[in-house]
Amino acid sequence: MQLTRRSLLLAAGGLALAACRPKRPARPASVADRAALVSVLDAERTLVAGYDAAIAQQDAVAAGRLGLERDRHAAHIGALQNAMREPTASANAGTATGSALGTMLHESVPTLQAAANAAVDGAVAALFASIAAEHSAAARAAAQTGAAKRRRR
Amino acid sequence: MTSGAAIRAALEAEYAVIYGYGVAGGRLRGRDLAFAQERLATHQEWRDQLLAVASSAADRPAPLPAYELPFPVEDPAAARRLAVRLEDGAAGAAWDVVAASRPATAARRLGVALLADVAVAAADWRTRGHVDDDPAFPGAPPGFAQADSQPSTTPTTSPSSTTTASGSTS
């Protein structure tokens, strides 16, 4: 195979490419994006509360898997708060089941993507788009898990 | 990074992904091969859409005849790991397109849609490879999650749940 600059980027698994990229949003979000950030942040807090409620109802194995997912949404909250320069706050108490979480994730995607398309600040747009992407992947996984359970019955 | 440069980089990434799926497909069978073929066709469509939004010839690079692979791809497990790398690389490029583009433009919409598509595919490949390191922020640059995440308070989690940035899976 031919060794080229681009191939080196691929060879490094994206790390070389990533090294040229900004590490994080360098400035607070614009006023124009603040309403969207608040809305997305509230939705993520509700989601995390739903995970906490669902985890409490599961056995250890299922709770461990949901805990990994819950951590990713907690990370979303941290990033959104960072973009807003808002102090950390805990999620409200909530109720949810595993299937309800999948529905919440699935239904959140269009809203997040619309917010990403409309965001004035590119860093905020990328954050929204990335959260939407993660929700898409998680919703798909939840749907596949649910389908597998139904097949076993 | 300008929008044009981000689109150019995304096109270069798509060319590499298309090449990589050609290699991975040679090591896969059955449902994994079918999924790789499906992903190859999907990435060819993303390439065409990126070409359509590139505003100048300078933003439309030509594909190379071959690309160096990150590791030898000699069995199905390696092919699945490569597929994860490919999708993660495309996610990083998509993030940059979103970040560099203006709101409500074709480039922004394309980047948002591309990022979701490749994140879902990367997660699918991780499941097929029994790897559980799905990133919290698909496409994010290295250090993003470490800088921005808050610690978990859930006792059922493990350290393995920490986020990996795009392309950093192995």
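Reading guide: rules and limits
Residues numbered from 1 in each chain as written. Chains lettered and ligands numbered in written order. Predicted model: local features only at pLDDT ≥ 70, side-chain atom pairs only at ≥ 80, totals over all residues. Heavy atoms only, no water. 1 Å grid on protein atoms, 1.4 Å probe; cavity = no way out; pocket = protein on both sides within 12 Å on 5 of 7 lines; lining within 4 Å. Points joined across faces, edges and corners; volume = space filled by probe spheres on them. Helix = DSSP H or I, 4+ residues; strand = E, 2+ residues; numbered from the N terminus. Nonpolar A, V, L, I, M, F, W, Y, C, P; charged D, E, K, R; others polar. Core = buried A, V, L, I, M, F, W, Y, C linked by side-chain atoms within 4.5 Å. Buried < 20%, exposed > 50% of the residue type's maximum accessible area, 1.4 Å probe, protein only. Contact = heavy atoms within 4.5 Å. pLDDT = per-residue confidence, 0-100.

Undergrad: Help me understand empty space enclosed by the protein in this model?
TA: Over the atoms, a rolling probe the size of a water molecule traces out where space has been left empty. Using the criterion set out here, one finds 2 cavities of 30 Å³ or more in the structure. In this model, the second largest cavity occupies a volume close to 30 Å³. What lines the second largest cavity is Ala137, Arg140, Ala141 and Gln144 of chain A together with Val120, Ala123, Asp124 and Thr127 of chain B. When contributions to the lining of the second largest cavity are tallied by element, the ones reaching two or more residues are α6 (122-152) of chain A together with α4 (106-128) of chain B. For the lining of the second largest cavity, the residue count by class is 4 nonpolar, 2 polar and 2 charged.

Undergrad: Before we go on, may I ask you to explain the nonpolar core in this structure?
TA: Formed by 70 residues in total, the largest nonpolar core has its most connected members in Leu80, Leu127 and Phe128 of chain A together with Trp125 and Phe137 of chain B. Elements represented by at least two residues in this core include exactly α3 (31-56), α4 (60-84), α5 (98-118) and α6 of chain A together with α1 (3-25), α2 (30-53), α3 (76-100) and α4 of chain B. In terms of residue count, α3 of chain B provides more of this core than any other element does, 13 residues in total. Excluding its chain neighbours within four sequence positions, the residues that come into contact with Leu127 of chain A are Ala79, Leu80 and Ala83 of chain A together with Trp95, Phe137 and Phe144 of chain B.

Undergrad: Just to check I follow, could you spell out the layout of surface pockets for this structure?
TA: Approximately 910 Å³ is the volume attributed to the largest pocket. Taken together, 45 residues form the lining of the largest pocket, with Arg65, Glu69, Ala141, Ala142 and Thr145 of chain A sitting closest to its centre. Within the residue set of the lining of the largest pocket, elements represented by two or more residues are α4, α5 and α6 of chain A together with α3 and α4 of chain B. If one sorts the elements of the lining of the largest pocket by residue count, α6 of chain A sits on top with 13 residues. Classifying every residue of the lining of the largest pocket by side-chain character gives 21 nonpolar, 12 polar and 12 charged.

Undergrad: Just to check I follow, could you spell out the confidence of the model for chain A for this structure?
TA: Where the model shows low pLDDT, its predicted coordinates should not be examined in detail. Here chain A averages 79 in pLDDT, while 71% of its residues score no lower than 70. The model gives residues 1-20 of chain A a pLDDT under 50, and that stretch makes 42 contacts with residues more than four places away or in other chains.

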